Structure formats: structure tokens, C-alpha cells
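# Observations on the three-dimensional arrangement
So you can see what is in the structure, the chains are spelled out below.
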Amino acid sequence: MEIAYLTVTCAAVMANAGIAAADFAKAPFVLANSAEVGVPRTWIPLLALLKAAGAAGLVLGLLGVRPLGIAAGLGLVLFYVGAVTAHVRARALRNLVFPVLFLALAAGALALAVAR
């Protein structure tokens, strides 16, 4: 189970750090997706900060600060439940796979952290 925890959590860290970097850089696909879902451009830096903080918390969980890793996993799960909800409400279903994938990674990291 330790290998699964490390693998899933590292994947969640890389995915969230990567998308946070894209958000901070205001990548064109981020701006287009946000506009389609109805997220104001002014929110993007804050959302990027939340994703980066989640990734950092997961890293700290890997380094032994278990409660922080669990809290970060829970925060990311809640964040991506909100993202999936926003996509469904906006009927932006063509790119729904991305928040669902991020949600699955966060949920997997959380479940494996709790099970340790």
C-alpha cells in the first residue's frame, strides 16, 4: 500500500503544481476554460494559490506531517467537487474530464493517506 500511496500522491502533487503554474501564467487554455465555466479572471490567481497550497500540503504529508497531508487532500477534494459542479452547471461537459481526473487523484491521495 505504501507504493500506491506514494504513486498516487506524487501524481496528485505534480498535477496540481502543474495546473497551478498554468493558472499563475494565465495560459490561454486556462483563460478559455475559466470563461466557459463562468469563473472571473480575477479569481484565477486565488484558485492557483489554493491548488499550489494543496500540492504543498500533500508534499508535507509525504514528508511525515500526516495531519497536514490529510487536510490538503480533503481541501483538494472539496475544491475539485466545486470545479466539477461548476462545469456541470455551466454545461461545459466537453472538458469535464480534467476536473474529474484531478478530483480522482485528490480523492485517491486522501483515501490512501487516511488508510496508512
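As a reminder, the structure under discussion sits directly above these lines.
About the cut-offs
- Residues numbered from 1 in each chain as written.
- Predicted model: local features only at pLDDT ≥ 70, side-chain atom pairs only at ≥ 80, totals over all residues.
- Heavy atoms only, no water.
- Helix = DSSP H or I, 4+ residues; strand = E, 2+ residues; numbered from the N terminus.
- Rg over C-alpha atoms; globule rule 2.2 N^0.38 Å.
- Buried < 20%, exposed > 50% of the residue type's maximum accessible area, 1.4 Å probe, protein only.
- Contact = heavy atoms within 4.5 Å.
- Areas by Shrake-Rupley, 256 points an atom, 1.4 Å probe, with all protein chains shown as cover.
- Axes fitted to C-alpha atoms, helices over the stretch in contact; angles between N-to-C directions.
- Parallel < 35°, antiparallel > 145°, perpendicular 65-115°, else oblique.
- Left-handed = near helix turned anticlockwise from the far one by under 90°.
- Core = buried A, V, L, I, M, F, W, Y, C linked by side-chain atoms within 4.5 Å.
- Phe/Tyr/Trp six-rings, centres within 6.5 Å; stacked < 30°, edge-to-face > 60°.

## Observations concerning the overall build of the protein chain
- Across its full length, the protein chain carries 5 helices and 0 strands.
- Overall, the protein chain shows an N-to-C arrangement of helices and strands of α-α-α-α-α.
- Relative to its length of 116 residues, the protein chain is compact, with a C-alpha radius of gyration of 14 Å against a globular reference of 13 Å.
- For the protein chain, the spread of C-alpha atoms along the three principal axes comes to 40 × 25 × 20 Å.
- Per-residue burial over the protein chain gives 38% buried out of 116 residues.
- For the protein chain, long-range pairs separated by at least 24 residues make up 67% of all intrachain contacts whose partners lie at least 6 apart in sequence.
- Carbon and sulfur atoms provide 76% of the accessible area of the protein chain, an area that totals close to 6,400 Å².

## Looking at the packing of helix 1 (residues 2-24) against helix 3 (residues 44-62)
- Taken N-terminus to C-terminus, the directions of helix 1 and helix 3 make an angle of 155°; their axes are 8 Å apart at the nearest point. One element, helix 1, and the other, helix 3, form an angle in the roughly antiparallel class. Crossing geometry of helix 1 relative to helix 3 is assigned as left-handed. On helix 3, the residues touching Tyr5, Leu6, Thr9, Cys10, Ala12, Val13, Asn16, Ala17, Ile19, Ala20, Asp23 and Phe24 of helix 1 are Ile44, Pro45, Leu47, Ala48, Leu49, Lys51, Ala52, Ala55, Leu58, Val59, Gly61 and Leu62.

## Remarks on the nonpolar core
- Counting 21 residues, the largest nonpolar core has Ala12, Ile19, Ala22, Val30, Leu58, Leu76 and Tyr80 as its most contacted members.
- Mapped by element, the contributors of at least two residues to this core are helix 1, helix 2 (28-37), helix 3, helix 4 (66-89) and helix 5 (97-115).
- Counting residues per element, this core draws most heavily on helix 4, at 6 residues.
- If sequence neighbours within four positions are ignored, Leu58 has contacts with Thr9, Ala12, Val13, Gly69, Ala72, Gly73, Leu76 and Ala109.

## Concerning the packing of helix 4 against helix 5
- Interaxial distance between helix 4 and helix 5 falls to 8 Å at its minimum, and their mutual angle equals 155°. Taken together, the axes of helix 4 and helix 5 lie roughly antiparallel to each other. As for how helix 4 packs across helix 5, the hand of that crossing is left-handed. Note on element contacts: helix 5 touches helix 4 through Pro99, Val100, Phe102, Leu103, Ala106, Ala107, Leu110, Ala113 and Val114, opposite Arg66, Ile70, Gly73, Leu74, Leu76, Val77, Tyr80, Val81, Ala83, Val84 and His87.

## Digging into the packing of aromatic side chains
- For the coordinates displayed, the defined rule picks out 2 aromatic pairs.
- An angle of 80° between the planes, with centres 4.9 Å apart, marks the rings of Phe79 and Tyr80 as edge-to-face.
- You can call Phe79 buried: its relative accessible area is 19%.
- On the basis of an interplanar angle of 20° and a centroid distance of 5.4 Å, the ring pair of Tyr80 and Phe102 is categorised as stacked. Residue Tyr80 is found in helix 4, and its partner Phe102 is found in helix 5; the two are separated by 22 residues along the sequence. Each member of the pair, Tyr80 as well as Phe102, is classed as buried.
- In textbook terms, an aromatic cluster arises when at least three aromatic residues are bridged by ring pairs, as seen for Phe79, Tyr80 and Phe102.

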